[in-house]
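# Working through the structure, step by step
Here is how the chains run, residue by residue.
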Amino acid sequence: MTTHAVAFAPGRANLIGEHTDYNEGLALPFAISEGVTVRASPLPEPRIEAVAVDLGKRDTFSLTDVERAGGWRGFVRGAAGELLGAGLPVGGAVLEISGTVPRGAGLSSSAALEVALVLALLCVSGVAEPDRLELARMCSRIENDWVGAQTGLLDQISSLFGEANHALRIDFRSLDVRPVALELGGCRLVTLDSGEHHANVSSGYNERRAECARACVELGVASLRDASVADADRLPDVLRRRALHVITENERVEEAVSAVERGDMPSLGRLIDASHASLRDCYEVSTPAVEAAVSRLKRAGALGARIVGGGFGGHVLGLLPDDAVAPDDAVEVRPGDGARVSRS
Ligand code: GLA
């Protein structure tokens, strides 16, 4: 195929700040070097022909009336449907999709796919890229409305705004994105696969989000960003623990930013451990396989280790001193640049 546009969108890791994005909270993620590439070439007819190279599967659909579909096809149709719905005149194209970020593993393969699809479709259609926050919202609607996972904006903002050597402090209330230089003096970050994979649409993710919404109704607040620990203590159990996680996680993000800025790795490690304990005990998104992966990193000498992403399986992230020997299957991760697209 003659390629006319190549878009690459990275996955992400998250230093800290989990399940805070849909609660107008704070997070400190970074884009990683693995991601999804979409090569696009134009078609004269209003039709998309998509090939998922890694899955060996194809999909063809009309742009005049984009119909829904399940699995990876839902993302492609959602990307085209959302762009058209926003009044952006995307045209027919052949799309070749391939990726290096593991799927369903907590490293945001879904957002990488959405972002790469949207950028490739815009570029091959000769349509100027809208504001990146607008793109993040559009990609999140693909996931919410076309795929059915009620996820927030963490993954899409990380993929679109990533910066080499920086984490991003994101405030999901103001949508302020501030790069924070990630110098880990004497340490490195690794990810380790728990071996258990998940899909946000079928895990307990949507249920957690609904529980947070119920906690807000009970407390009479617009979001858990407005709630305090004392407020959470007035809630019935389960909702109380869900709210406590979110409220204390926001505090840990602020403390982690300051630990990173002063190069205090032991404190950063303690915050990562505390985040994991809260996700396990209050938010209840850990599993035995995840606990085993966290323990392996801790035994290897990690200053901190925790689950990343939606939970219920996936990868764990560890902060390891340079002289500690990582498990053989651990992979070092460094903050990389955000999504990019080029014409050819
Ligand atoms: C998934 C979702 C994000 C975020 C995380 C948990 O990755 O896609 O929006 O909620 O889980 O922090």
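Check the entry above for the structure.
Bear in mind the structure is a predicted one, so any value in this text is a computation, not a measurement. (Residues numbered from 1 in each chain as written. Predicted model: local features only at pLDDT ≥ 70, side-chain atom pairs only at ≥ 80, totals over all residues. Heavy atoms only, no water.)

### Details of the overall build of the chain
- Secondary structure assignment for the chain yields 9 helices and 13 strands.
- In summary, the chain has a C-alpha radius of gyration of 20 Å against a globular reference of 20 Å for 344 residues, a match within 12%.
- Its C-alpha atoms give the chain principal-axis dimensions of about 60 × 50 × 35 Å.
- Considering the chain as a whole, with its 344 residues, one finds that 59% of them fall into the buried category.
- Sequence-distant contacts in the chain: of pairs separated by 6 or more residues, those separated by 24 or more amount to 71%.
- When the accessible surface of the chain is summed, it comes to about 13,100 Å², and 49% of that surface belongs to carbon and sulfur atoms.
- Positive and negative side-chain charges of the chain, numbering 35 and 48 respectively, have mean locations separated by a distance of 2 Å. (Helix = DSSP H or I, 4+ residues; strand = E, 2+ residues; numbered from the N terminus. Rg over C-alpha atoms; globule rule 2.2 N^0.38 Å. Buried < 20%, exposed > 50% of the residue type's maximum accessible area, 1.4 Å probe, protein only. Contact = heavy atoms within 4.5 Å. Areas by Shrake-Rupley, 256 points an atom, 1.4 Å probe, with all protein chains shown as cover. Lys, Arg positive; Asp, Glu negative; His and termini not counted. Charge placed at Lys NZ, Arg CZ, Asp CG, Glu CD.)

### A look at the sheet that holds strand 9 (residues 187–193)
- The antiparallel open sheet is built from 4 strands, whose spatial order is 10-11-9-12. Sheet topology places strand 10 (304–307) and strand 12 (331–333) at the edges, where each strand pairs with a single neighbour. The mean angle between the axes of side-by-side strands here comes to 30°, regardless of whether they run parallel or antiparallel.
- Note that strand 10 and strand 11 (residues 315–321) share 4 bridges and pair antiparallel. When the sheet's bridge partners are listed, Ile307 is paired in strand 11 with Val316.
- Relative to the sheet, helix 8 (residues 265–281) contacts strand 9, strand 10 and strand 11, its axis offset from that of strand 10 by approximately 30°.
- Sheet strands touched by helix 9 (residues 288–299): strand 9, strand 10 and strand 11. Its angle to strand 11, the strand with the most contacts, is close to 10°. (Pairing = 2+ DSSP bridges. Axes fitted to C-alpha atoms, helices over the stretch in contact; angles between N-to-C directions.)

### Quick word on the pattern of salt bridges
- This model, assessed by the stated rule, comprises 31 salt bridges.
- Two residues, Arg234 and Asp231, come together in a salt bridge whose shortest N-O distance is 2.9 Å.
- By relative accessible area, Arg234 is classed as exposed at 58%.
- Since its relative accessible area comes to 18%, Asp231 is described here as buried.
- The partner of Arg241 in a salt bridge is Glu284, with the nearest N and O atoms 3.4 Å apart. Separated by 43 residues along the polypeptide, Arg241 in helix 7 (residues 239–261) and Glu284 in the loop between helix 8 and helix 9 bring together distant segments of the chain.
- Each of Glu207, Arg208, Glu211, Asp233, Asp237, Arg240, Arg241, Arg242 and Glu284 takes part in salt bridges that share partners, so that together they form one network. (Salt bridge = Lys/Arg side-chain N within 4 Å of Asp/Glu carboxyl O.)

### Structural notes on the packing of aromatic side chains
- Summed over all chains, the structure comprises 1 aromatic pair.
- On the basis of an interplanar angle of 65° and a centroid distance of 5.6 Å, the ring pair of Tyr22 and Tyr205 is categorised as edge-to-face. Note that Tyr22 is positioned in the loop between strand 1 (5–14) and strand 2 (26–27) and Tyr205 in helix 5 (residues 205–219), a separation of 183 residues in sequence. Per residue, the accessibility class of Tyr22 equals that of Tyr205, and both read buried. (Phe/Tyr/Trp six-rings, centres within 6.5 Å; stacked < 30°, edge-to-face > 60°.)

### Observations concerning the packing of helix 7 against helix 8
- The geometry of helix 7 relative to helix 8 is characterised by a closest axis approach of 10 Å and an angle of 165° between their N-to-C directions. Here helix 7 is positioned roughly antiparallel relative to helix 8, judged by the angle of their axes. Considering the relative orientation of helix 7 and helix 8, their crossing is left-handed. Between helix 7 and helix 8, the contacting residues are Arg241, His245, Thr248, Glu249, Arg252, Glu255, Ala256, Ala259 and Val260 on the first element and Ser267, Leu268, Leu271, Ala274, Ser275, Ser278, Leu279 and Asp281 on the second.
- When grouped by side-chain class, the residues that make up the contact of helix 7 with helix 8 number 7 nonpolar, 5 polar and 5 charged. (Parallel < 35°, antiparallel > 145°, perpendicular 65-115°, else oblique. Left-handed = near helix turned anticlockwise from the far one by under 90°. Nonpolar A, V, L, I, M, F, W, Y, C, P; charged D, E, K, R; others polar.)

Function cannot be inferred from these measures alone, as they are strictly geometric.
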